[in-house]
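One letter stands for each residue in the lines below.
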Amino acid sequence: MNQLLEQLKAIVGPKGWISDSDALEPHVNEWRGQFIGRTPLMIMPASTSEVSQVVAACAEASTGIVPQGGNTSMCAGGIPDESGTQILLSLARMNRIRAIDADNFSIEVDAGCILQTIQEAAHDAGCCFPLSLGAEGSCQIGGNIATDAGGLNVIRYGTARALVLGLEVVLADGTVLNSLRSLRKDTAGYDLKQLFIGSEGTLGIITGAALRLFPDPGQLTTALVAIPSSGTSVSLLGKLQQHFPERVQTFELVSDYVFGLVDRYIPDAGLPFDGDYPWYVLLEAATGDGPGHLEEALMEAVEEGMVLDAVIAKNSAEVDRLWRLRHSISEAERQAGKALKHDISVPVSRMQEFLSRGDELLEELRPDATLVAFGHVGDGNLHYNVSLPHSIDSEEFASEGKRITGAIYDLVAELGGSFSAEHGVGRLKRPYLAEYRAGPEYELMRKLKNTLDPASILNPGKVI
Ligand code: FAD
Ligand code: MLT
Ligand code: ZN
């Protein structure tokens, strides 16, 4: 191992590695504190050629490599295991915007670019890069692509997959695969880049990406709406989509309990309502000529009993205030303590059924559990989390967690949904992939893994 470590250090030079345990700490810890890994070395290449040499050296020594972006994974995907034998490979130094082509609505970037930096570069060129999530100030585009991240604008623009035009990837033997083409149309053989999108670092290391840009969406109107029940959100969504076809870009359901956590744990992030309502929707639509049309649509929804109250942001400070509430949820939830996280999706047409059957299921399984639900209901994706009483010990938490999670995932599967909508599988949900995708799908995944990474050196112990 020592010989390999010296070889890796020589490839990247003195600025390209860290082995000090204090400096490594934020890179080996999962951000919610559920897992703490160990590594002898974090290597930080500055170019694709250096990544290629690092991977080739690790392949030669049969040593595992864990690619890491911003380390904001929700399922411990980007940290090494506890063995202390896996090399951590950070893309942080590969953070250049390589080129921007506003006429082609495309941008080419290093994989280590922070998502927000790409949004800003697109904006400066008069365009929009629509991928947006709470972690956008620290997550990297390579991590976003590797997890096929979703976030807040999927209903209009799709997940990360829909935004990738081309990729540059280092394969498990160090070969550089260059599919970095900024084309909308390309039917020359198999679309290889798709293999790496959502593969969570287990099939290759993404070093560069060509991304799709969009025209600036113009005036956006943001509103927070109180609704009488979670199921009403689906009818409200349908109504708004009729009023604003293809122009509703955010539609987020949040329970009163969840906003209560934000109010409790995040300073100055209270709700802008006097009333006390059970559920809320945060929505944003491209309204073109001002908020008038949205106001009319919401008034209609009030008359039809879908909406109880609404606040439409009148200026950028009010927009920021509404978004702050939404972006604070993960941190508030973390501070509130351990919960069972279920990042599920079902077809939007079955969301109402999922919500009511989910309620019944929880009542039957554990009446003293609390539902902590929020998420991207416009995409059929809910964070259907469950908090158990603080009085139970960790053994009971684990056994009850297994029982409740299994029952929720069974319901999701029955409704044609997925146990992992946007966070990926990582380490946390690996057993569920084997269970819920068992059969030819899982076998083909295994064959792909064996073909592309026969010695299993890329992110070992994750996904498959
Ligand atoms: P990391 O956490 O570092 O890594 C994630 C996975 O990708 C790991 O398996 C890692 O090995 C692999 N990886 C990283 N870089 C590369 C690379 N260059 N090549 C190959 N593999 C790589 N996710 C959503 O989908 N939607 C949300 O709305 C959302 N909101 C969030 C809000 C907060 C506050 C936080 C903390 C997280 C949120 N997430 C969300 C989860 C997370 O931010 C995303 O999964 C994000 O895409 C991960 O990016 P990262 O750079 O932090 O990747
Ligand atoms: C979100 O929608 O805020 C994220 O996916 C993060 C989370 O689930 O906590
Ligand atoms: Zn989410």
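Conventions we followed
Residues numbered from 1 in each chain as written. Chains lettered and ligands numbered in written order. Predicted model: local features only at pLDDT ≥ 70, side-chain atom pairs only at ≥ 80, totals over all residues. Heavy atoms only, no water. Helix = DSSP H or I, 4+ residues; strand = E, 2+ residues; numbered from the N terminus. Rg over C-alpha atoms; globule rule 2.2 N^0.38 Å. Buried < 20%, exposed > 50% of the residue type's maximum accessible area, 1.4 Å probe, protein only. Contact = heavy atoms within 4.5 Å. Near = heavy atom within 4 Å. Polar contact = N/O pair within 3.5 Å; in protein donor to acceptor, adjacent residues only side chain to side chain. Areas by Shrake-Rupley, 256 points an atom, 1.4 Å probe, with all protein chains shown as cover. 1 Å grid on protein atoms, 1.4 Å probe; cavity = no way out; pocket = protein on both sides within 12 Å on 5 of 7 lines; lining within 4 Å. Sits in = over half its atoms within 2 Å of the grid points. Donors = N, O, S within 2.8 Å, 3.2 Å for Na, K, Ca; no water. Axes fitted to C-alpha atoms, helices over the stretch in contact; angles between N-to-C directions. Left-handed = near helix turned anticlockwise from the far one by under 90°. Nonpolar A, V, L, I, M, F, W, Y, C, P; charged D, E, K, R; others polar. Disulfide = S-S within 2.5 Å. Pairing = 2+ DSSP bridges. Phe/Tyr/Trp six-rings, centres within 6.5 Å; stacked < 30°, edge-to-face > 60°. Lys NZ or Arg CZ within 6 Å of the ring centre and 35° of its normal.

A. Just the overall build of the chain, in detail. Scanning the chain from terminus to terminus reveals 17 helices and 18 strands. Its C-alpha radius of gyration of 23 Å places the chain within 12% of the 23 Å reference for a compact globule of 464 residues. Taken over the C-alpha atoms alone, the chain extends approximately 70 × 60 × 45 Å along its principal axes. Buried residues in the chain amount to 53% of all 464 residues.

B. Representation of the environment of V425. When you line up the elements, V425 lands in the loop between α15 (394-414) and α16 (430-436). Taking the C-alpha atoms as reference points, V425 and E303, separated by 122 residues in sequence, lie 43 Å from one another. Every residue in contact with V425, bar those within four places of it in the chain, is listed here: C75, E200, F419, S420, R430, L433 and V463.

C. View of the site of ligand 1. The local shell around ligand 1 holds 36 residues, among which P67, G69, G70, T72 and Q140 are the closest. Take S73: an N or O atom from its main chain is 2.8 Å from an oxygen atom of ligand 1. Within the backbone of G77, one N or O atom sits 3.1 Å away from an oxygen atom of ligand 1. Protein burial of ligand 1: of its 970 Å² of free accessible surface, 95% is covered by the chains. If you map ligand 1 onto the pockets, it falls in the largest pocket. Those elements that provide at least two residues to the shell around ligand 1 are β3 (65-68), α5 (141-146) and β10 (205-212).

D. Examining the environment of P130 more closely. Inspection of the secondary structure assignment puts P130 in the loop between β7 (127-128) and α5. Taking relative accessible area as the criterion, P130 reaches 4% and is therefore assigned buried. Remark: the alpha-carbon pair of P130 and Q68, spanning 62 residues in sequence, is separated by 23 Å.

E. The arrangement of the coordination of the zinc ion (ligand 3) in detail. Protein-derived ligands of the zinc ion (ligand 3) are H376 (NE2), H383 (NE2) and E422 (OE), with the metal-ligand distances lying across 1.9 to 2.1 Å. Donor residues binding the zinc ion (ligand 3) come from one chain and are separated in sequence as H-x6-H-x38-E. Of this pair, H383 sits in strand β18 (residues 381-387) while E422 sits in the loop between α15 and α16; the two residues are 39 residues apart in sequence, bridging distant segments of the chain. Pair check on accessibility: H383 and E422 agree, each one buried.

F. Examining the packing of helix α9 (residues 232-243) against helix α11 (residues 292-303) more closely. α11 packs onto α9 with a crossing angle of 145 degrees between their chain directions and a minimal axis gap of 11 Å. Of the two elements, α9 crosses α11, and the hand of that crossing is right-handed. Residues L236, K239, L240 and H243 of α9 form the contact with α11, whose participating residues are H293, L294, A297, E300 and A301. Considering only residue class, the contact of α9 with α11 consists of 5 nonpolar, 2 polar and 2 charged.

G. Quick peek at the state of the cysteines. Across all of its chains, the model carries 0 disulfides by this definition. Left without a disulfide partner, C128 is nearest to the cysteine sulfur of C127, which lies 8.5 Å away.

H. Here's a closer look at the sheet that holds strand β1 (residues 17-18). Overall, mixed pairing links the 4 strands, which are arranged β1-β2-β4-β3 in an open sheet. Strand pairing shows two members of the sheet lacking a second neighbour, β1 and β3, which therefore form its edges. Bridge analysis of strand β2 (residues 42-43) against strand β4 (residues 87-90) gives 2 bridges, and the strand direction is parallel. From the neighbouring strand, M42 faces β4, where its bridge partner is L88. Here helix α3 (residues 48-60) sits on the sheet in contact with β2, β3 and β4, set at roughly 165 degrees to β4.

I. Representation of the sheet that holds strand β5 (residues 97-101) within the structure. Taken together, the 5 strands give an open sheet; going across it, the order is β5-β6-β10-β8-β9, and neighbouring strands pair in antiparallel fashion. The open sheet has two edge strands with one neighbour each: β5 and β9 (176-179). For this sheet, the mean inter-axis angle between neighbouring strands, taken without regard to orientation, is 10 degrees. Relative to β10, strand β8 (residues 164-170) runs antiparallel, the two sharing 6 bridges. Within the sheet, the bridge partner assigned to E168 lies in β10 and is G208. This element, α3, spans β5, β8, β9 and β10 of the sheet and lies at about 45 degrees to β8. Strands β5, β6 (106-110) and β10 of the sheet are contacted by helix α4 (residues 115-124), whose axis makes an angle of about 35 degrees with β5.

J. Representation of the packing of aromatic side chains within the structure. Inspection of every chain in the model, using the stated rule, returns 12 aromatic pairs. On the basis of an interplanar angle of 90 degrees and a centroid distance of 6.0 Å, the ring pair of Y409 and Y436 is categorised as edge-to-face. Note that Y409 is positioned in helix α15 and Y436 in helix α16, a separation of 27 residues in sequence. Assigned by exposure class, Y409 and Y436 land together as buried. Looking at K9, its charged tip hangs above the ring of W17, at a distance of 4.3 Å from the centre. Note that K338 overlies the ring of F397, its terminal NZ or CZ placed 4.5 Å from the centroid.

K. Representation of the site of ligand 2 in the model. Residues in contact with ligand 2, as listed here, are M74, R326, S330, K341, F374, H376, H383, E422 and H423. In this structure, an oxygen atom belonging to ligand 2 sits 3.0 Å away from a side-chain N or O atom of H376. Between ligand 2 and H423 there is a distance of 2.6 Å, counted from an oxygen atom to a side-chain nitrogen or oxygen. Computed on the free molecule, ligand 2 has an accessible area of 270 Å², of which 87% lies beneath the protein chains in the complex. Under a 2 Å grid-point criterion requiring more than half of the atoms, the pocket assigned to ligand 2 is the largest pocket. Split into classes, the residues belonging to the shell around ligand 2 amount to 2 nonpolar, 4 polar and 3 charged.

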